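Residue-level structure breakdown
Residues per chain, in single letters:
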Amino acid sequence: MRDIIGDAMTEPTFAGRVSRWYEQHARDLPWRRPETSPWAILVSEVMLQQTPVVRVVPAWQAWLERWPTPAALAGSSPAEAIRMWGRLGYPRRAVRLHECAVAIVERHGGVVPDRLEQLLALPGVGTYTARAVAAFAYGQRHPVVDTNVRRVVCRAVAGEPDAGPTTRPADLVATEELLPAEPAAAALASAAIMELGAVVCTARSPRCEACPVESTCAWRASGRPAPAGPTRRPQRYAGTDRQVRGLLLGVLREATGPVPHQRLDQVWADDVQRARALAGLVDDGLVEPVGETSFRLIGDGPPAPVAG
Ligand code: SF4
């Protein structure tokens, strides 16, 4: 542990100060408890990618209660995964998680793999999720870089107000340089930097006075200059195809069998937009046609008769 937080004779490192802060201030989130399985950590990482913690906690608990292992989920239909996903948003994640569970069963005997390249080869598991599972489930040393981490590193090290919209290889390198050599200490530091970005070094109102790296933060030292470009506006939801897709999916989720298109027509008045949203759900593998006039969630029952 001394390697993590430095010792009394030396100046603590960046990772050491953030890790010490994390041990005192981290939120008590259920997937951070030591008994959490790698599968449960993987599920949490997928759910958290585009959904706030407060909405993920109950959904994650219900999901793990129903499907405590990859094999349990793989034995259900993708339609059930979509139903269980409920209103978490971006429901394609449910289908990908189901595909991921099937792949874990087929390729790894039902055990979430611990090697990075095997994790990266799983459906729906990208750069971030693979490294998060390797670090948080298996205690390995990998840079785990999400939006929050990129922002902290960008501000504290590079002195810039915000990172770009996507993770670049340079972000992984910059974050890795901050991690201690010892794997468990590096995994702790990764979780700590992420937490700092989520609750202290936030995008809009960083609380520098409460930050453990305030004294060395480059952005703070330069007077917190504002970003040069225009500020990003929050995405609109009302009236978008996303809203229409959500309404259509809501009807299909509640149904116990194929839904005639006349029923789906009732959810949105604009025929063109509704048709586009429905086609998008089919293209994304969430919904499938049944004959020529009905639709259902993907895999919800015996194979659908082919239209035509
Ligand atoms: S001092 Fe402020 S800007 Fe710098 S890392 Fe901490 S919260 Fe972020």
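This is a predicted model, so every value here is computed, not measured. (Residues numbered from 1 in each chain as written. Predicted model: local features only at pLDDT ≥ 70, side-chain atom pairs only at ≥ 80, totals over all residues. Heavy atoms only, no water.)

1. Let's talk about the pattern of salt bridges
In total, this model carries 16 salt bridges according to the counting rule given. Arg27 is the partner of Glu195 in a salt bridge, and the nearest nitrogen-oxygen pair spans 2.8 Å. With Glu195 in helix α12 (residues 183–199) and Arg27 in the loop between α2 (14–25) and α3 (38–48), the pair connects residues that are 168 residues apart, well separated along the chain. On the accessibility criterion, Arg27 (30% relative accessible area) is partly exposed. The closest approach of N and O atoms between Arg276 and Asp241, which form a salt bridge, is 2.7 Å. Linking Arg276 in helix α16 (residues 271–283) with Asp241 in helix α14 (residues 241–254), this pair joins segments that are 35 residues apart in sequence. (Salt bridge = Lys/Arg side-chain N within 4 Å of Asp/Glu carboxyl O. Helix = DSSP H or I, 4+ residues; strand = E, 2+ residues; numbered from the N terminus. Buried < 20%, exposed > 50% of the residue type's maximum accessible area, 1.4 Å probe, protein only.)

2. Notes on the site of the ligand
Residues in close proximity to the ligand include Arg155, Val200, Cys201, Cys208, Cys211, Val213, Glu214, Cys217 and Trp219, which together make up its full environment. Of the residues that constitute the shell around the ligand, the class distribution is 7 nonpolar, no polar and 2 charged. (Near = heavy atom within 4 Å. Nonpolar A, V, L, I, M, F, W, Y, C, P; charged D, E, K, R; others polar.)

3. Structural notes on the UniProt feature "domain: HhH-GPD" (unreviewed entry) in the chain
Under the local residue numbering, the UniProt record ascribes the feature "domain: HhH-GPD" (unreviewed entry) to residues 47–199. End C-alpha atoms of residues 47–199 are separated by 18 Å, and the span's content is 64% helix alongside 0% strand. (UniProt positions renumbered as here; feature names shortened; annotations may be inferred.)

4. Section: the packing of helix α9 (residues 127–136) against α12
Running from amino to carboxyl end, α9 crosses α12 at an angle of 125 degrees, the nearest separation of the two axes being 9 Å. Judged by the angle between their axes, α9 and α12 are oblique. Once α9 is placed against α12, the crossing between them reads as left-handed. Between α9 and α12, the contacting residues are Tyr128, Ala135 and Phe136 on the first element and Ala187, Ser190, Ala191 and Met194 on the second. (Axes fitted to C-alpha atoms, helices over the stretch in contact; angles between N-to-C directions. Parallel < 35°, antiparallel > 145°, perpendicular 65-115°, else oblique. Left-handed = near helix turned anticlockwise from the far one by under 90°. Contact = heavy atoms within 4.5 Å.)

5. Some thoughts on helix α7 (residues 92–108)
Helical geometry note: an α-helix holds 3.6 residues per turn, so side chains three or four residues apart project in the same direction. Taking 1.5 Å of rise per residue, the 17 residues of α7 would be expected to cover 24 Å, and the 23 Å separating its terminal C-alpha atoms lies within 8% of that figure. Among the residues of α7, those classed as buried are Arg93, Ala94, Val95, Leu97, His98, Cys100, Ala101, Ala103, Ile104 and His108. Looking at the residues trailing α7, positive phi occurs at Gly109, about 60 degrees. (Expected span 1.5 Å × (residues − 1).)

6. Things to note about the domain arrangement of the chain
According to the domain assignment, the chain contains domain 1 (7–221) and domain 2 (241–297). Centre-to-centre, using C-alpha coordinates, domain 1 lies 33 Å away from domain 2. Tallying the contact residues gives 9 residues for domain 1 and 9 residues for domain 2. Buried area between domain 1 and domain 2, summed over both chains or domains, comes out near 910 Å², and the portion from carbon and sulfur atoms is 58%. It is Ile82, Arg83 and Arg92 that lose the most area in domain 1 upon contact with domain 2, and together they represent 50% of the buried surface on that side. If you look at where domain 1 meets domain 2, you find 0 salt bridges. (Domains from an automatic or database assignment. Buried area = accessible area lost by both parts, 1.4 Å probe.)

7. Here's the deal with the environment of Leu252
Secondary-structure assignment places Leu252 in helix α14. Between the C-alpha atom of Leu252 and that of Ala79, which follows or precedes it by 173 residues, the distance is 9.6 Å.

8. Brief notes about the side chain of Asp300
Looking at the secondary structure, you find Asp300 in the segment after β3 (294–297). Under the relative-accessibility criterion, Asp300 is labelled buried at 19%. In terms of polar contacts, Asp300 uses its side chain to reach the side chain of Arg83, at 2.7 Å. With residues up to four places along the chain from it excluded, the contact list for Asp300 reads Ala79, Arg83 and Glu288. (Polar contact = N/O pair within 3.5 Å; in protein donor to acceptor, adjacent residues only side chain to side chain.)

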